[in-house]
Amino acid sequence: VQLQASGGGLVQAGGSLRLSCAASGRTFGSYAMGWFRQAPGKERAFVAAITWSGGATFYADSVKGRFTISRDNAQNTLYLQMNSLKPEDTAVYYCAANPRSSSSLTINTSDYAYWGQGTQVTVSS
């Protein structure tokens with residue numbers, strides 16, 4: 001599967017952005033999916049994950065209550081709605097697919113075999 005992330009940009013603190021991740025291939029609907037982010041000089045970090053059906057989600061503590069992950073399997077698209085953005089949310093955001101499990105909400109980058117190219121999110125103070 002190929003993934004294409006979009007929707008990043010520059011926003012003021014307190015603002016909102018919605019990221020999208022378009023997937024190619026007919027297997028998108030069978031994969032658990034995740035969002036990760038990488039700030040300059042830091043390792044890639046888990047943000048959120050969702051099961052194949054969208055029935056279960058999991059979030060990093062730093063974004064819980066502000067970000068919402070969702071998916072539309074008919075449109076082969078994953079979303080990340082980001083509200084109440086903070087300067088510390090500034091990073092390149094990546095979507096990823098976990099082909100090993102449809103229901104695993106893993107936070108480990110090594111469990112995700114397919115990655116999008118990343119989209120830059122910059123939050124100004």
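What you see is a predicted model, and the numbers here were worked out from it, not measured in a lab.

Draft legend 1. The arrangement of the overall build of the protein in detail. Secondary structure summary: the protein contains 0 helices and 11 strands in total. Relative to the 2.2 N^0.38 estimate, which gives 14 Å for 125 residues, the radius of gyration of the protein is 13 Å and therefore close to what a compact globule would have. Dimensions of the protein, computed from C-alpha atoms along their principal axes, come out at roughly 40 × 25 × 25 Å. Here the protein holds 125 residues, and the buried ones make up 43% of them. Of the contacts made within the protein by residues no fewer than 6 positions apart, 59% connect residues no fewer than 24 positions apart. Of the roughly 6100 Å² of accessible surface on the protein, a fraction of 47% belongs to carbon and sulfur atoms. When the 10 positive and 6 negative side-chain charges of the protein are each reduced to one mean point, those points stand 4 Å apart.

Draft legend 2. Structural view of the state of the cysteines. Under the defined criterion, the tally for this structure stands at 1 disulfide. The partner cysteine of Cys21 in its disulfide is Cys95, sulfur to sulfur 2.1 Å. Between Cys21 and Cys95, the S-S torsion sits near 65°, and that sign places the bridge as right-handed. Of this pair, Cys21 sits in strand 3 (residues 17-23) while Cys95 sits in strand 9 (residues 91-98), and the two are 74 residues apart along the sequence.

Draft legend 3. How the structure looks around the environment of Gln75. Topologically, Gln75 is positioned in the loop between strand 7 (67-72) and strand 8 (77-82). The exposed category is assigned to Gln75, whose relative accessible area is 53%. Considered as a pair, Gln75 and Gly29 are 46 residues apart in the sequence and their alpha carbons are 9.6 Å apart.

Draft legend 4. Layout of the environment of Cys21. For Cys21, a relative accessible area of 0% puts it in the buried group. Residues Cys21 and Gly7, 14 residues apart in the sequence, show an inter-C-alpha distance of 8.7 Å.

Draft legend 5. Representation of the sheet that holds strand 7. Strand order in the open sheet formed by 4 strands is 1-3-8-7, and the pairing between neighbours is antiparallel. Two strands in the sheet have a free side with no partner beyond their single neighbour: strand 1 (3-6) and strand 7. Averaged over all neighbouring strand pairs, the angle between strand axes comes to 15°, with direction disregarded. In this structure, strand 1 lies alongside strand 3, joined through 4 bridges in antiparallel fashion. Directly across from Gln4, in strand 3, lies its bridge partner Ala22.

Draft legend 6. Structural context of the pattern of salt bridges. Applying the stated criterion across every chain, the model contains 4 salt bridges. With a closest N to O distance of 3.1 Å, Asp61 and Lys64 form a salt bridge. Residue classification places Asp61 among the exposed positions, given a relative accessible area of 67%. The closest approach of N and O atoms between Asp111 and Arg100, which form a salt bridge, is 3.6 Å. Of this pair, Asp111 sits in the loop between strand 9 and strand 10 (114-115) while Arg100 sits in the loop between strand 9 and strand 10; the two residues are 11 residues apart in sequence, bridging distant segments of the chain. For Arg100, a relative accessible area of 66% translates into the label exposed. A single network of salt bridges, built from pairs that share partners, joins Arg37, Arg66 and Asp89.

What counts and what doesn't
- Residues numbered from 1 in each chain as written.
- Predicted model: local features only at pLDDT ≥ 70, side-chain atom pairs only at ≥ 80, totals over all residues.
- Heavy atoms only, no water.
- Helix = DSSP H or I, 4+ residues; strand = E, 2+ residues; numbered from the N terminus.
- Rg over C-alpha atoms; globule rule 2.2 N^0.38 Å.
- Buried < 20%, exposed > 50% of the residue type's maximum accessible area, 1.4 Å probe, protein only.
- Contact = heavy atoms within 4.5 Å.
- Areas by Shrake-Rupley, 256 points an atom, 1.4 Å probe, with all protein chains shown as cover.
- Lys, Arg positive; Asp, Glu negative; His and termini not counted.
- Charge placed at Lys NZ, Arg CZ, Asp CG, Glu CD.
- Disulfide = S-S within 2.5 Å.
- Pairing = 2+ DSSP bridges.
- Axes fitted to C-alpha atoms, helices over the stretch in contact; angles between N-to-C directions.
- Salt bridge = Lys/Arg side-chain N within 4 Å of Asp/Glu carboxyl O.

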